[in-house]
Amino acid sequence: MPIDHPYLLAIQAEHGLILRTLADLMKREDQVSGFFAYCANYVDRSYFERIERFLFQAIHDKSGIQAGGPMCMLYFDQHLNHRSLDIAAKFTQRRRFQPDSTNVPAHLREFYQNNSPVCIPTEDHFACREIVAKAQELLAAAPNETNSRELVFLSNVYFDILKLNFEKKNNCLLPMSQTLLAPDELTAWAARAAQWTAENL
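Below is a short write-up of the structure. No experiment lies behind these values; they were computed from the predicted model shown.

### Describing the packing of helix α2 (residues 32-59) against helix α8 (residues 183-200)
Taken N-terminus to C-terminus, the directions of α2 and α8 make an angle of 150 degrees; their axes are 10 Å apart at the nearest point. Classified by the angle their axes make, α2 and α8 are roughly antiparallel. α2 and α8 meet at a crossing whose hand is right-handed. Contact residues: α2 offers R45, S46, E49, R50, R53, F54, Q57 and A58, while α8 offers W189, R192, A193, W196, T197 and N200. Within the contact of α2 with α8, the residues separate by chemical class into five nonpolar, four polar and five charged.

Now the structure itself:
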């Protein structure tokens, strides 16, 4: 079922805007610091956290969330066989982050305590955060050709993980959210998200 609620359509449109912004920054290697600044300051602090606090909170305990659908099953198989945190650990050469209820931010703990399906897209968020953390280490070090090449490579890895995450949301999570939540519920969650953005960003 195509989505038609303004809250979900706005999220879908934001996905396109973020990818276009990142693609523009990737066209010039001298913009790699700007690429990762945008990832840290907007994608993580605004987009990821807002989705986690509001859309994920709205659906995480709905009884129908386990049902999903064909596209959700496809992405679940991808999650099992090509986990984004494994990819991030491989290419950042950092120890694989293992999110659980003891080491995630407070607004995510309930999801991990209850092993909610929303932990699957949240894992992509953590993978992107791991890549940004590695990039920030490289940017803080003395510039050299090796670091420059690695930063460009990491920007491509980040972009690919994020693009697939957005595809999962557009084709599975957003349609499922429209099925699980009544229009007035979606409108109420949209208002909460807008208020949080106005107060915190």
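### A look at the packing of α2 against helix α7 (residues 145-180)
The contact between α2 and α7 brings their axes to 13 Å, and the two run at 20 degrees. By the angle between their axes, α2 is roughly parallel relative to α7. At the point where α2 passes α7, the crossing takes the left-handed sense. Contact residues: α2 offers V32, F35, F36, C39, V43, Y47, F48, L55, F56 and I59, while α7 offers L151, V152, L154, S155, Y158, L162, F166, K169, L173, L174, S177 and L180. For the contact of α2 with α7, the per-class residue count stands at 19 nonpolar, two polar and one charged.

### Topic: the pattern of salt bridges
This model, assessed by the stated rule, comprises 14 salt bridges. Between E14 and R50 there is a salt bridge, with the nearest N and O atoms lying 2.7 Å from each other. One end of the pair, E14, is in helix α1 (residues 6-26); the other, R50, is in helix α2, with 36 residues separating them in the sequence. A salt bridge links K27 to D24; the nearest nitrogen and oxygen atoms lie 3.3 Å apart. Here the residues in one salt-bridge network are R83, D86, R96 and E123, joined through shared partners.

### Some thoughts on the nonpolar core
If you look at the biggest cluster of nonpolar residues, it comprises 57 residues, and the most contacted ones within it are Y7, L22, F36, Y158 and L162. Sorting the residues of this core by element identifies α1, α2, α4 (84-92), α5 (109-113), α6 (119-140), α7 and α8 as the ones contributing at least two each. Take this core: its biggest share by element is 15 residues, from α2. Residues within four places of L162 in sequence aside, it is in contact with I18, L19, L22, V43, F48 and C128.

### Regarding the side chain of S116
Along the chain, S116 falls in the loop between α5 and α6. In terms of polar contacts, S116 uses its side chain to reach the backbone carbonyl oxygen of H60, at 3.4 Å. Beyond its immediate sequence surroundings of up to four residues, S116 is in contact with H60 and F111.

### Quick word on the side chain of H125
Within the fold, H125 resides in helix α6. Its relative accessible area of 0% is what places H125 among the buried residues. The contact partners of H125, leaving out residues within four places of it in the chain, are F48, I51, E52, F56, N165 and K169.

Procedures and definitions
- Residues numbered from 1 in each chain as written.
- Predicted model: local features only at pLDDT ≥ 70, side-chain atom pairs only at ≥ 80, totals over all residues.
- Heavy atoms only, no water.
- Axes fitted to C-alpha atoms, helices over the stretch in contact; angles between N-to-C directions.
- Helix = DSSP H or I, 4+ residues; strand = E, 2+ residues; numbered from the N terminus.
- Parallel < 35°, antiparallel > 145°, perpendicular 65-115°, else oblique.
- Left-handed = near helix turned anticlockwise from the far one by under 90°.
- Contact = heavy atoms within 4.5 Å.
- Nonpolar A, V, L, I, M, F, W, Y, C, P; charged D, E, K, R; others polar.
- Salt bridge = Lys/Arg side-chain N within 4 Å of Asp/Glu carboxyl O.
- Core = buried A, V, L, I, M, F, W, Y, C linked by side-chain atoms within 4.5 Å.
- Buried < 20%, exposed > 50% of the residue type's maximum accessible area, 1.4 Å probe, protein only.
- Polar contact = N/O pair within 3.5 Å; in protein donor to acceptor, adjacent residues only side chain to side chain.

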